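Here is what each chain is made of, one letter per residue.
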Amino acid sequence: MTSQKQWFPGVGNIPHDPKAKRGSLVFRHFNPTEVVAGTSKTLGELLPFGVVAWHGVCNPSADMFGRGTRPMPWDEAPDPITKGKQRCEALFELMVKLGVDYYSWHNYDLAPEGATLKESHKNLDTITDFLAELQAATGKKLAWGTCDHFSHPRYRLGVATGVCPKVYAYGLSEVFKMLEITMRLQGKNFVLWGGREGMRQIMSIIKRLAFVLENYGRFGNSVCDYADEIGFDGKIIYEPKKREPSKVQYQSDVAATLFLLQQAGLLQRENVGLNLEENHAGLAGLDFAYEVAMARAADKLISIDANEGDPLIGWDVDEFSHTVKKLIPVMLMLLEDGGLPNGNLAFDAKLRRESTDPKDIFWGIIGAMDTWSIATKVAAQIRSEGVLDDIVEESIYAEWGTSLGDRIRSGMTKDAITNAAHRYGPTIELPSGSEERINVLINEHMFPAG
Ligand SMILES: [Mn+2]
């Protein structure tokens, strides 16, 4: 670190110590060098965790009804550049103490926005130099960069899909700059969420939807063209979210986002992919595992915002992951893929407003890393035992392994299909869907008896 000051003085480097006394700040399950059963990879390789600047060191835990509650001594500074650098230091201290290798940031999380675009870019360059020093000193890496296209009032009526070409140009030029910075810091990817790209009131949208979606495609293609031009070898990753801040966000879920990208000619581009978030799947009324499966089916899954929503709350609460069961099907897929080879598990998660102990951020991140680790180990066991494969492949989908299945999939005429229908119907014997048996199987692996 460039400064000797500790922003979290009460906490040391967090060890892996499964036998530590209860209440100790340790990893019980995450051991980065542990090889996961049935794979050639370690937990550290399969789970490329990252912390995020905005929730990690910028969010004071305010809500719509009350001010921030979280102590953030790094925000007390004589000027905004010093404040930005102290935020960087606090972020890197978190990474070092937690043994997390990656971070993510929006342009104005760490660099103050200036009075002009030129001044903003100068501030960004100053902070980028400082981040480069911290990366060199610690070996920590940038997962992805992105632009804050939702806080400033100029973005209140949208950016790419907005009402004003001046805003479109301003937002896009911010992306160009942040893409250059992400490349300079050797970031793996660049995220386009587009918080204000959504429906405000229906009467203007009914006249302009096709027009604004054309602009959405033009904006994305400009970003990808510039990434190609400067030789950025990461992906431009789009992040679906159904609602909040707008009533409806155009990139509402994976299927809708894939459709918009396809219409824009973006899905066909090799450097375009998806960044998925558990809480966003919930806002769309979908299982996170379904969203991951849909992105994989299109071969566009790149990265994950690892967090958790609350089904009883209708907005984006960004809790640290804590429910193992939700992550088991996700890890079954990621184990097939060898993890997220080009992406990360970034903790887009924040403290509750009630949580005010400086150690709470450590509890949150440690808990989330252990949660993903347990899910990984349970999924690895389920895989190596093969029972789930037996149920799904050998029973539920077994008929597709017959010659009729092969013939349909390689193309049959109308007459051949009709002959098969006459031959096999109308009563057709089917396997059980086996949901209860699968639920028991998952519980047996989570909580082995005896
Ligand atoms: Mn979220």
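Residues numbered from 1 in each chain as written. Predicted model: local features only at pLDDT ≥ 70, side-chain atom pairs only at ≥ 80, totals over all residues.

A.B. asks: I tried to follow the overall build of the protein chain on my own but got confused; where do I start?
C.D. replies: Helix and strand counts for the protein chain come out as 16 helices and ten strands. Computed over C-alpha atoms, the radius of gyration of the protein chain comes to 24 Å, within 12% of the 22 Å expected from 2.2 N^0.38 for 450 residues, which places it in the range of a compact globule. Counting all 450 residues of the protein chain, 39% fall into the buried class. Of the contacts made within the protein chain by residues no fewer than 6 positions apart, 77% connect residues no fewer than 24 positions apart. (Helix = DSSP H or I, 4+ residues; strand = E, 2+ residues; numbered from the N terminus. Rg over C-alpha atoms; globule rule 2.2 N^0.38 Å. Buried ≥ 20, exposed ≤ 12 C-beta atoms within 10 Å, placed from the backbone. Contact = placed C-beta atoms within 7 Å.)

A.B. asks: Hey, could you run me through the pairing of strand E2 (residues 102-106) in this one?
C.D. replies: A regular strand places its side chains on the two faces of the sheet in alternate fashion. Of all the five residues making up E2, five are buried; the element is thus mostly covered by neighbouring parts of the structure. Burial of E2 is two-sided: the residues Tyr102, Ser104 and His106 facing one way and the residues Tyr103 and Trp105 facing the other way are all buried. With five bridges joining them, E2 and strand E3 (residues 141-146) adopt parallel strand pairing. Within E3, the position partnered with histidine 106 by the bridge is threonine 146. (Pairing = 2+ DSSP bridges.)

A.B. asks: Which parts of the structure should I look at to understand the environment of valine 292?
C.D. replies: Mapped onto the elements, valine 292 comes out in helix H10 (residues 288-297). As a C-alpha pair, valine 292 and leucine 179 span 113 residues in sequence and 26 Å in three-dimensional space. Among all residues touching valine 292, those that are not within four sequence positions of it are Leu276, Leu301, Val330 and Met333.

A.B. asks: Where do I start with the sheet that holds strand E8 (residues 272-277) in this structure?
C.D. replies: Neighbouring strands of a sheet are bound in pairs by backbone hydrogen bonds; such pairs are parallel or else antiparallel. Taken together, the eight strands give a closed barrel; going around it, the order is E1-E2-E3-E4-E6-E8-E9-E10, and neighbouring strands pair in parallel fashion. When strand polarity is set aside, the average angle formed by the axes of neighbouring strands in this sheet is 30 degrees. In the sheet, strand E1 (residues 49-52) pairs with E2 via three bridges, with the strands oriented parallel. When the bridges of E2 are listed, valine 52 appears paired with serine 104. The sheet contacts of helix H8 (residues 254-263) involve strand E6 (235-238) and E8, and relative to E8 the element is tilted by about 160 degrees. Together, E8 and strand E9 (301-305) form the strand contacts of H10, whose direction differs from that of E8 by roughly 170 degrees. (Axes fitted to C-alpha atoms, helices over the stretch in contact; angles between N-to-C directions.)

A.B. asks: Even after reading the chapter, I still don't get unusual backbone geometry, so can you show me in this structure?
C.D. replies: Peptide bonds are trans in most cases, and residues, glycine excluded, mostly fall at negative phi. Note that the residue after glutamate 244, namely proline 245, is joined by a cis bond; omega there is 10 degrees. Looking at where proline 245 falls in the secondary structure, it is placed in the loop between E6 and strand E7 (248-249). Backbone torsion omega between glycine 425 and proline 426 reads -5 degrees, so that peptide bond is classified as cis. Structurally, proline 426 can be placed in the loop between helix H15 (414-424) and helix H16 (435-446). The backbone of glutamine 186 sits at a positive phi, close to 55 degrees, despite the residue not being glycine. Within the secondary structure, glutamine 186 is located in the loop between helix H6 (165-184) and strand E4 (189-192). Residues other than glycine seldom take positive phi values, yet glutamate 244 does so here, at roughly 75 degrees. Along the chain, glutamate 244 turns up in the loop between E6 and E7. Here glutamate 244 falls in the partly exposed class, since 15 other C-beta atoms lie within 10 Å of it.

A.B. asks: Help me out: how do you make sense of the environment of glycine 171 in this one?
C.D. replies: Residue placement: glycine 171 occurs in helix H6. Taking the C-alpha atoms as reference points, glycine 171 and lysine 242, separated by 71 residues in sequence, lie 22 Å from one another.

A.B. asks: It is not clear to me how the domain arrangement of the protein chain should be interpreted in this structure. Could you clarify?
C.D. replies: Partitioning the protein chain into domains gives domain 1 (43-385) and domain 2 (388-446). Distance between the C-alpha centres of domain 1 and domain 2: 39 Å. On the side of domain 2, four residues touch domain 1, which itself brings six residues to the contact. Mapped onto the side of domain 1 that touches domain 2, the elements with two or more residues apiece are helix H11 (324-337) and helix H12 (360-385). For the side of domain 1 that touches domain 2, the residue count by class is four nonpolar, one polar and one charged. (Domains from an automatic or database assignment. Nonpolar A, V, L, I, M, F, W, Y, C, P; charged D, E, K, R; others polar.)

A.B. asks: Would you mind showing me how to read the nonpolar core here?
C.D. replies: One recurring pattern in soluble globular proteins is that nonpolar side chains are buried together. Residues Val51, Ala53, Leu91, Tyr103, Phe347 and Ile365 are the most contacted members of the largest nonpolar core, which totals 103 residues. Looking at which element gives the most residues to this core, the answer is H12, with eleven residues. If we ignore the near neighbours within four places in the chain, the residues touching phenylalanine 347 are Phe49, Gly50, Val51, Val52, Ala306, Asn307, Phe320, Ile365 and Ala368. (Core = buried A, V, L, I, M, F, W, Y, C linked by C-beta atoms within 7 Å.)

A.B. asks: What should I look at first to understand the packing of H6 against helix H7 (residues 202-230) in this one?
C.D. replies: When two helices pack together, their arrangement is given by the angle between the helix axes and by the axis-to-axis distance. Contact geometry of H6 with H7 gives a least axis separation of 10 Å together with a crossing angle of 30 degrees. Comparing their axes, H7 and H6 come out roughly parallel. Like other packed secondary-structure pairs, H6 and H7 cross with a definite hand, here right-handed. Counting all contacts with H6, which are made through Tyr168, Leu172, Val175, Phe176, Leu179, Glu180 and Met183, the residues of H7 involved are Asn215, Phe219, Ser222, Val223, Tyr226, Ala227 and Ile230. Classifying every residue of the contact of H6 with H7 by side-chain character gives eleven nonpolar, two polar and one charged. (Parallel < 35°, antiparallel > 145°, perpendicular 65-115°, else oblique. Left-handed = near helix turned anticlockwise from the far one by under 90°.)

A.B. asks: When you look at the pairing of E3 in this model, what are you seeing that I'm missing?
C.D. replies: Within E3, five of the six residues are buried, which leaves the element mostly enclosed by the surrounding structure. With three bridges joining them, E3 and E4 adopt parallel strand pairing. Paired with threonine 146 across the bridge in E4 is valine 191. After leaving E3, the chain enters H6 and then returns to the sheet as E4, a path that is right-handed. (Right-handed = clockwise from strand over helix to strand, strands pointing away.)

A.B. asks: Explanation requested: the packing of helix H5 (residues 117-138) against H6 in the structure shown.
C.D. replies: Following both chains from N to C, one finds H5 and H6 inclined at 15 degrees, their axes separated by 11 Å at the closest point. Between H5 and H6, the crossing angle belongs to the class labelled roughly parallel. Handedness of the H5/H6 crossing: right-handed. On H6, the residues touching Leu117, His121, Leu124 and Thr128 of H5 are Ser173, Lys177, Ile181 and Arg184. By residue class, the composition of the contact of H5 with H6 is three nonpolar, three polar and two charged.

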